[in-house]
Amino acid sequence: MANSPQSKKRARQNERRYEVNKARRSRIRTFLRRVEEAIASGDPAAAATALRAAQPELMRGVTKGVVHKNTAARKMSRLSARVKSMSV
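This structure is a prediction, so every number in the text was calculated from the model and none was measured.

Take the pattern of salt bridges next. For the structure on display, the rule yields 4 salt bridges. Across the pair R27 and E57 runs a salt bridge whose closest N-O atoms are separated by 2.9 Å. Linking R27 in helix α1 (residues 5–41) with E57 in helix α2 (residues 44–63), this pair joins segments that are 30 residues apart in sequence. By relative accessible area, R27 is classed as partly exposed at 45%. Assessed through its relative accessible area of 8%, E57 is described here as buried. The salt bridge partner of E37 is R33, with a shortest N-O separation of 3.2 Å. Of this pair, E37 and R33 both sit in helix α1, 4 residues apart, roughly one helical turn. Take E37: its relative accessible area is 45%, and that puts it in the partly exposed class. Its relative accessible area of 44% is what places R33 among the partly exposed residues.

Right, let's talk about the nonpolar core for a bit. With 17 residues, the main nonpolar core has L32, V35, I39, L51, L58, L79 and V83 as its most contacted residues. Mapped onto this core, the elements with two or more residues apiece are α1, α2 and α3 (69–87). At 6 residues, the largest contribution of residues to this core is made by α1.

What counts, and at which threshold
Residues numbered from 1 in each chain as written. Predicted model: local features only at pLDDT ≥ 70, side-chain atom pairs only at ≥ 80, totals over all residues. Heavy atoms only, no water. Salt bridge = Lys/Arg side-chain N within 4 Å of Asp/Glu carboxyl O. Helix = DSSP H or I, 4+ residues; strand = E, 2+ residues; numbered from the N terminus. Buried < 20%, exposed > 50% of the residue type's maximum accessible area, 1.4 Å probe, protein only. Core = buried A, V, L, I, M, F, W, Y, C linked by side-chain atoms within 4.5 Å.

The following block contains the structure:
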């Protein structure tokens, strides 16, 4: 339990950051899910469009510290490889 004024303030800040980060993570997952669904539907054009929309969201998560840089790179690499293999 926070006792000092500083620790009380830090607890409040942590709660706010938790909510913001949770929303960001959820938004990123939504965009990634749209790519997955487009791949599953078998439509290469929709998958490519969804991938282009997901990329900036994922990178924004990196700059905001919600997702690790290598995690984002790995996800983008795997998704783009799957989308690319559809159009062949």
